[in-house]
Amino acid sequence: MLKLNNVSVNYGAFTAVKNVDIEVHPGEIVVLLGSNGAGKSTTFNSISGLNKPSSGEILYDEQNIVGFPPDQIVNLGIIQCAEGRNLFPGMTVQENLMMGGYVHRKNKIHVKERLEEVYEMFPILKEKHNESAGSLSGGQQQMVAIGRALMGDPQYMLLDEPSIGLAPLIVEQMFAKIKQINDGGTSILLAEQNANAALKIADRGYVFENGQIAVQGTAEELLTNEEVRKAYIGA
Ligand code: ATP
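What counts, and where the lines are drawn
- Residues numbered from 1 in each chain as written.
- Predicted model: local features only at pLDDT ≥ 70, side-chain atom pairs only at ≥ 80, totals over all residues.
- Heavy atoms only, no water.
- UniProt positions renumbered as here; feature names shortened; annotations may be inferred.
- Helix = DSSP H or I, 4+ residues; strand = E, 2+ residues; numbered from the N terminus.
- Buried < 20%, exposed > 50% of the residue type's maximum accessible area, 1.4 Å probe, protein only.
- Areas by Shrake-Rupley, 256 points an atom, 1.4 Å probe, with all protein chains shown as cover.
- Lys, Arg positive; Asp, Glu negative; His and termini not counted.
- Charge placed at Lys NZ, Arg CZ, Asp CG, Glu CD.
- Axes fitted to C-alpha atoms, helices over the stretch in contact; angles between N-to-C directions.
- Parallel < 35°, antiparallel > 145°, perpendicular 65-115°, else oblique.
- Left-handed = near helix turned anticlockwise from the far one by under 90°.
- Contact = heavy atoms within 4.5 Å.
- Nonpolar A, V, L, I, M, F, W, Y, C, P; charged D, E, K, R; others polar.
- Salt bridge = Lys/Arg side-chain N within 4 Å of Asp/Glu carboxyl O.
- Near = heavy atom within 4 Å.
- Polar contact = N/O pair within 3.5 Å; in protein donor to acceptor, adjacent residues only side chain to side chain.
- 1 Å grid on protein atoms, 1.4 Å probe; cavity = no way out; pocket = protein on both sides within 12 Å on 5 of 7 lines; lining within 4 Å.
- Points joined across faces, edges and corners; volume = space filled by probe spheres on them.

Labelled according to an unreviewed UniProt entry, the protein chain appears under the name Amino acid/amide ABC transporter ATP-binding protein 2, HAAT family, originating from Piscibacillus halophilus. UniProt, in the comment section headed Sequence similarities (unreviewed entry), describes the protein chain in these words: "Belongs to the ABC transporter superfamily."

Structure below.
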């Protein structure tokens, strides 16, 4: 299990995340909702070791991973797929995917198997494996970013705004793929502005406001919560 206990994160004198408690149980999809600047990415970066919390614990299978370097956290099986995709646009699709397989560099057969699994999940990437990542559509670039994270064999995947900038039909396909990844055994923590679509595939969720958790509940509770609907679903 991944568990944040009373985590706070500061940028200088500014506290971006305050006393946050989050749990992601094995097999779950948990969604973090909240407007821009509410603290979702900061929370993700604190889990993946890019930001160090000023206080609190981040427990992964009961081990406190606060202070671990990011590569060690990846090796433990927690892999972040960052907002904005962060691809290497001049490199080919396959080269980008192989960057995610770096953790298995001592096991070439495993890397090859993972690559075949990613191509099975996203056949268009196999078709375009030799094209530069920067030439792909937004949806395809997002597939590369998710595929690159999958190459590392995540136990827990942190997905930051995977639907941002995508057309509605592509968003629907993206969420179906996220559900498929989860059905394959990967637990998922998902930050999303697209609350309706995210809650439809999620088990539970937390709503961030000004760096704190304002509401939490099962996906069904959040989908029917009037304040959540008004603020994030628009109904
Ligand atoms: P978004 O979807 O826009 O990324 P978010 O909910 O992920 O929003 P964060 O990116 O975590 O929010 O930002 C939380 C707060 O911390 C915001 O007020 C933001 O301006 C601030 N912040 C984020 N990164 C830094 C930084 N490197 N230095 C200073 N302040 C930062």
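Scanning the protein chain from N- to C-terminus turns up 10 helices and 10 strands. Projected onto the principal axes, the alpha-carbon positions of the protein chain cover approximately 45 × 40 × 30 Å. Within the protein chain, buried positions represent 49% of all 235 residues. Here the protein chain displays about 11100 Å² of accessible surface, and carbon together with sulfur accounts for 48% of that area. In the protein chain, which carries 19 positive and 27 negative side-chain charges, the distance between the mean positions of the two groups comes to 5 Å.

Moving on to the packing of helix α3 (residues 93-100) against helix α4 (residues 108-121). One way to put it is that α3 packs onto α4 with a least axis distance of 10 Å and a crossing angle of 125°. As summarised for this structure, α3 and α4 are arranged oblique, according to the angle between their axes. Like other packed secondary-structure pairs, α3 and α4 cross with a definite hand, here right-handed. Note on element contacts: α4 touches α3 through V111, L115, V118 and Y119, opposite Q94, L97 and M98. Considering only residue class, the contact of α3 with α4 consists of six nonpolar, one polar and no charged.

Next up on the list: helix α1 (residues 40-47). For α1, a buried count of seven out of eight residues is recorded, marking the element as mostly surrounded by other parts of the structure. By the burial criterion, the buried members of α1 are K40, T42, T43, F44, N45, S46 and I47. Immediately beyond the C-terminal end of α1, within one or two residues, lies G49, with a positive phi of roughly 90°.

Moving on, we come to the side chain of D160. Structurally, D160 is set in strand β7 (residues 156-160). Buried and without a salt bridge, D160 has K40 as its closest oppositely charged side chain, separated by 6.5 Å. Aside from chain neighbours lying at most four places away, what touches D160 is S41, F44, C81, A82, E83 and A191.

Close contacts around the ligand come from 14 residues, with G37, G39, K40, S41 and T42 the closest. At 2.7 Å from an oxygen atom of the ligand is found a main-chain nitrogen or oxygen belonging to G37. The contact in question runs from an oxygen atom of the ligand to an N or O atom on the backbone of A38, over 3.0 Å. Coverage of the ligand by the protein chains reaches 61% of its 630 Å² of free accessible surface. Those elements that place two or more of their residues in the shell around the ligand are β2 (14-24) and α1. For the shell around the ligand, the element with the highest residue contribution is α1, accounting for three residues.

Turning our attention to the layout of surface pockets. Volume-wise, the largest pocket comes out at about 550 Å³. Contributing to the lining of the largest pocket are 22 residues, with P70, V74, I79, Q80 and R148 lying nearest its centre. If you list the elements that add at least two residues to the lining of the largest pocket, you get α2 (70-76), β6 (78-81), α3 and α6 (138-151). Top contributing element to the lining of the largest pocket by residue count: α2, with five residues. Among the residues making up the lining of the largest pocket, the classes are represented as 13 nonpolar, six polar and three charged. Computed from the structure, the second largest pocket encloses a volume of approximately 260 Å³.

Topologically, F122 is positioned in the loop between α4 and α5 (123-127). Sequence separation between F122 and M151 is 29 residues; the distance between their C-alpha atoms is 13 Å. If sequence neighbours within four positions are ignored, F122 has contacts with M143, I146, G147 and K177.

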